[in-house]
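Tertiary structure, described
What follows is each chain in one-letter form.
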Amino acid sequence: QVQLVESGGGSVQAGESLILSCAVSGNSVSVFVMFWYRQAPGERREFIASLNLGAGTANYADSVKGRFTISRDNAKNTVDLRVDSLEPEDTAVYYCNAYVQAAGVQPRYYWGQGTQVTVAS
């Protein structure tokens, strides 16, 4: 069974930074692409960033370009999202999503449970 677990959320002041991490576990798991999304209260879930782990290429939503950075941390075996210069409008639940090949299962997308980020002005 594949599991995604996010961590690193919290309550911060505007202008501060956070590093969100997403760890993937499971039997003989290969992760092809990792995504980060967020969902603010009353809003639809929106794409923020993606990282193709094979090609090493990253993509970002226009709304976060220059402030958010997605990267792989080989030491922690996680894919992280560094969020800088946080604004109150960044307040949301942040979710990771991964396209994964697990033993005996067709490749598919999996979601984590989310981590809350709250930014005070």
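Higher on the page you've got the structure.
These remarks concern the structure in this document. (Residues numbered from 1 in each chain as written. Predicted model: local features only at pLDDT ≥ 70, side-chain atom pairs only at ≥ 80, totals over all residues. Heavy atoms only, no water.)

1. Brief notes about the side chain of D84
Inclusion rule: Each helix corresponds to a stretch of at least 4 residues labelled H or I by DSSP, and each strand to a stretch of at least 2 residues labelled E; elements are numbered beginning at the N terminus. Here a polar contact means two N or O atoms within 3.5 Å. Within protein one must be a hydrogen donor candidate and the other an acceptor candidate, and residues neighboring in sequence count only if both atoms are side-chain atoms. Contact criterion: two residues are considered in contact whenever any of their non-hydrogen atoms come within 4.5 Å of each other.
Secondary-structure assignment places D84 in the loop between β8 (78-83) and β9 (92-101). Only 2.7 Å separates the side chain of D84 from the side chain of S17, close enough to count as a polar contact. Reaching out from D84, the side chain makes a polar contact with the side chain of R82 at a distance of 2.9 Å. What D84 contacts, discounting residues up to four positions off in sequence, is E16, S17, R67 and F68.

2. Notes on the environment of Q3
Inclusion rule: Relative accessible area decides the class of each residue, using a 1.4 Å probe on protein chains only: under 20% of the type maximum gives buried, over 50% gives exposed, and in between gives partly exposed.
Secondary-structure assignment places Q3 in strand β1 (residues 3-7). Its relative accessible area of 44% is what places Q3 among the partly exposed residues. If near-sequence neighbours (up to four positions away) are discounted, Q3 is found in contact with A23, V24 and S25.

3. Let's talk about the sheet that holds β1
We count it as follows: Any two strands with at least two DSSP-identified bridges between them are counted as paired. Helix axes use the C-alpha atoms of the stretch in contact, all axes being lines fitted to C-alpha atoms, and the angles between their N-to-C directions lie in the range 0 to 180 degrees.
Spatial strand order, β1-β3-β8-β7: four strands in an open sheet with antiparallel pairing. In this open sheet, the two strands that pair with only one neighbour each are β1 and β7 (68-73). Direction aside, the axes of adjacent strands within the sheet are offset by 20° on average. Bridge count between strand β3 (residues 18-25) and β8: six bridges; the pairing is antiparallel. Bridge assignment links S21 to a residue of β8, and that residue is D80.

4. What to know about the state of the cysteines
For clarity, the threshold we go by: Cysteine sulfur pairs qualify as disulfides if the two atoms are within 2.5 Å.
Going through the model one piece at a time under the given rule, you end up with one disulfide. One disulfide bridge connects C22 with C96, the sulfur atoms lying 2.0 Å from each other. The sign of the 55° torsion about the S-S bond sets the C22-C96 disulfide as right-handed. Here C96 lies in strand β9 and C22 lies in strand β3, a separation of 74 residues in the sequence. Residue classification places C22 among the buried residues on the basis of a relative accessible area of 1%.

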